[in-house]
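Spelled out from the first residue to the last, the chains are:
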Amino acid sequence: MRVRFAPSPTGQLHVGNARTALFNWLLARGRGGTFILRIEDTDVERSTRESEAAILEDLRWLGLDWDEGPDTGGPRSPYRQSERLHLYQRYASELLASDRAYYCFCTAAQLEAGRQEALASGRPALYACTCRRLSREQAQARIGAGEHPAVRFRVPAERDVVFTDAVRGDVRFHTDVISDPIIVRADGHPAYNFAVVVDDALMDVTHVIRGEDHISNTPRQILLYEALGFTPPTFAHLALVMGPDHSPLSKRHGATSVAEFRSKGYLPEALVNYLALIGWSPRGHGGDDEELMPAPELARRFALEDVGHSAGVFDEEKLAWVNRHYLKIADLMRLAELSVRYFNEAGVPMSPDRRGLEFLASALTMANVSVDRLNQVPARLALLFAYDAEAALRDPDVASEMRAEAARDVVRALAEELTTAPRLDRETFRAVANQVKARTAQKGKALFHPIRIALTGRPDGPELDLAVPAIDRGAELPPDAGIPKIIGNRERAAEFVRAIARNR
RNA sequence: GUCCCCAUCGUCCAGAGGCCCAGGACGUGGCCCUUUCAAGGCCAAAACACGGGUUCGAAUCCCGUUGGGGACGCCA
């Protein structure tokens, strides 16, 4: 089995295309097949090397590795259409020679006029030009006169083209509704319908899995396979991915490219797992199986026959849920490394060394279970890097809570206990809390909430058992660890007591 | 307009004639847990687009309607 993903390098990798790539990859990996990456850059105007590089990077990030491609090479190289021009030329000449293709001298304006007319008269907007009946001599004469014709494939009349789509079953088209496609442009570059056929055939692609928008191209491609003497592959057309309003997913729905989801802090394994769930389900019969599983497991279970026929709406809420799952089980050092950029973006400049990363990793235990995405980590961990007792007291709720004498007692007792206490870890913090409890006779929320406010500067946040030790671990960090200065618990408590005194 | 594809909870899926007065998940609501916010646990509301057939019996098969999507490019 040989499958391929064939993006045109004209922009960012869209999640819909990423899903197409994923389905190809899943099939190849699950069946011991070969996954080919081919760059369809025959549109000289729009294709760029930058886009190509970006797409490759996105695919790598997703973990969709390819066995043959423009960078890795392979037995059917080259894998960039712009480097295969001689092949298309050869097959086009063959078609021309056998009269299965012909030269077309029509101008863009003429064609457009013909389209308008057809549309206006309620007839299928089919191309019908007189070039089809030009004799070889006439055509040669015009070429000799300096004209640059395109080459069209002659679609046979009065025929039914039927193919069995691996996800939809039989699909039938009548050739009367298929116009003669351009196979070579006037500039000598092959057109899509021609290049795919030549490449898929020459690369021995056995299964063409692509978006549903290609379904109506399939009959002309099948005709081309026949004319060229090739055997058509199995086709499988995937329903498109839609936005919440059921229109094709686009920028106005928000993020659409893999790169955007990446920079928002989604994990690649989450995007992959989620994308696989649009239009497909790993569940067999019974319907209560788990749907969260790593890519190899997805591949093991994947089958084209199980792919749904209808379009799916991209649901970022569910993506977020999948991401939360992977955040919870991810290696903390990895998350620490990934989080650095988000701190910098959030205005907490840092470039941690190993010690700094280890500190971040330990602090991440209070963020990775409660955040949707990595870009929310800085906010969740803000208590570490920003401490301002005065600012905390400007919060009306905090202020009113701290007007109570009992709460003040707690904070004062805390500050006193801390003057003699060592840096806090989980155990010593509990000991201190117990001391404060004994001295003030406060317990539960009345005890811990004032402590929380005094130490973290805010009324909500991660568990104190996690936050308090993290603060002191941060305070102990050497200045050259690459982490911004973190004020310790002792200093925070003292500062808070002074702030209360000033604000009475 | 013509051709093609599609149609189960708000969303993603399960369901391949009786197991379905339709199951799971996300989201939503409630409850529990809890020193806060989350997280987690439990419970609940929520759908077979419509109309005809076929059949003893249809979410499942057929036809039509409606709705959505795609294509009709010297874009891919």
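**Some remarks on the overall build of chain A**
And then number 1: The helix and strand inventory of chain A stands at 22 helices and 11 strands.
And then number 2: Relative to its length of 504 residues, chain A is extended, with a C-alpha radius of gyration of 32 Å against a globular reference of 23 Å.
And then number 3: With the C-alpha coordinates aligned to their principal axes, the bounding extent of chain A is approximately 105 × 55 × 45 Å.
And then number 4: Classification of the 504 residues of chain A by burial places 50% in the buried group.
And then number 5: Partitioning the intrachain contacts of chain A with sequence separation of at least 6 by distance along the chain shows that 74% fall at a separation of at least 24.
And then number 6: Entry remark: accessible area of chain A is about 23000 Å², with carbon and sulfur atoms responsible for 50%.
And then number 7: Distance between charge centroids for chain A: 2 Å, based on 64 positive and 70 negative side chains.

**A short note on the protein's contact with RNA strand B**
And then number 1: What surrounds RNA strand B is a group of 69 residues, the closest being Arg168, Arg185, Gly279, Ser281 and Arg380.
And then number 2: Expressed as a percentage, the sugar and phosphate content of the atoms of RNA strand B within 4 Å of the protein is 74%.
And then number 3: Sorting the residues of the surface near RNA strand B by element identifies α4 (108–120), β4 (150–153), β6 (169–174), β11 (312–313), α11 (316–329) and α20 (444–456) as the ones contributing at least two each.
And then number 4: Here the surface near RNA strand B is built from residues that sort into 26 nonpolar, 19 polar and 24 charged.

**Concerning the environment of arginine 76**
And then number 1: By secondary structure assignment, the location of arginine 76 is in the loop between α2 (49–62) and α3 (85–97).
And then number 2: For arginine 76, a relative accessible area of 28% corresponds to the partly exposed category.
And then number 3: C-alpha separation for the pair arginine 76 and alanine 431, spaced 355 residues apart in sequence, amounts to 70 Å.
And then number 4: If near-sequence neighbours (up to four positions away) are discounted, arginine 76 is found in contact with Arg2, Glu68, Arg84, Leu202, Met203 and Asp204.

**Some points on the confidence of the model for chain A**
And then number 1: Of all residues in chain A, 97% have pLDDT values of 70 or greater, and the mean over the chain is 93.
And then number 2: Scoring of the predicted complex yields 0.95 for pTM and 0.96 for ipTM.

**Concerning the packing of aromatic side chains**
And then number 1: Counting across every chain of the model gives eight aromatic pairs.
And then number 2: Centroid distance tyrosine 274 to phenylalanine 314: 5.2 Å. Interplanar angle 90°. Geometry classified as edge-to-face. With a gap of 40 residues between them, tyrosine 274 in helix α9 (residues 268–276) and phenylalanine 314 in the loop between β11 and α11 connect regions that are remote in the sequence. The pair formed by tyrosine 274 and phenylalanine 314 is uniform in burial state, with each residue classed as buried.

**Considering the pairing of β6**
And then number 1: Alignment of strand β5 (residues 160–165) against β6, held across six bridges, turns out to be antiparallel. Bridge pairing links valine 161 to phenylalanine 173 in β6.
And then number 2: Taking the residues between adjacent antiparallel strands as the criterion, β5 and β6 are bridged by three residues.

**Details of the packing of helix α1 (residues 15–30) against α9**
And then number 1: Contact geometry of α1 with α9 gives a least axis separation of 10 Å together with a crossing angle of 85°. Classified by the angle between their axes, α1 and α9 sit roughly perpendicular to one another. Every residue of α9 that contacts α1 at Val15, Ala18, Arg19, Leu22, Phe23 and Leu26 is listed here: Val272, Leu275 and Ala276.
And then number 2: Split by residue class, the contact of α1 with α9 holds eight nonpolar, no polar and one charged.

**Thoughts on the pairing of strand β8 (residues 207–211)**
And then number 1: Most of β8 sits inside the fold, with five of its five residues counted as buried.
And then number 2: Across five bridges, β8 lies against strand β9 (residues 234–238) in parallel orientation. Within β9, the residue paired with isoleucine 209 across the bridge is alanine 236.
And then number 3: This β-α-β element, β8 to helix α7 (residues 218–228) to β9, shows right-handed connectivity.

Scoring rules and cut-offs
Residues numbered from 1 in each chain as written. Chains lettered and ligands numbered in written order. Predicted model: local features only at pLDDT ≥ 70, side-chain atom pairs only at ≥ 80, totals over all residues. Heavy atoms only, no water. Helix = DSSP H or I, 4+ residues; strand = E, 2+ residues; numbered from the N terminus. Rg over C-alpha atoms; globule rule 2.2 N^0.38 Å. Buried < 20%, exposed > 50% of the residue type's maximum accessible area, 1.4 Å probe, protein only. Contact = heavy atoms within 4.5 Å. Areas by Shrake-Rupley, 256 points an atom, 1.4 Å probe, with all protein chains shown as cover. Lys, Arg positive; Asp, Glu negative; His and termini not counted. Charge placed at Lys NZ, Arg CZ, Asp CG, Glu CD. Near = heavy atom within 4 Å. Nonpolar A, V, L, I, M, F, W, Y, C, P; charged D, E, K, R; others polar. pLDDT = per-residue confidence, 0-100. Phe/Tyr/Trp six-rings, centres within 6.5 Å; stacked < 30°, edge-to-face > 60°. Pairing = 2+ DSSP bridges. Axes fitted to C-alpha atoms, helices over the stretch in contact; angles between N-to-C directions. Parallel < 35°, antiparallel > 145°, perpendicular 65-115°, else oblique. Right-handed = clockwise from strand over helix to strand, strands pointing away.

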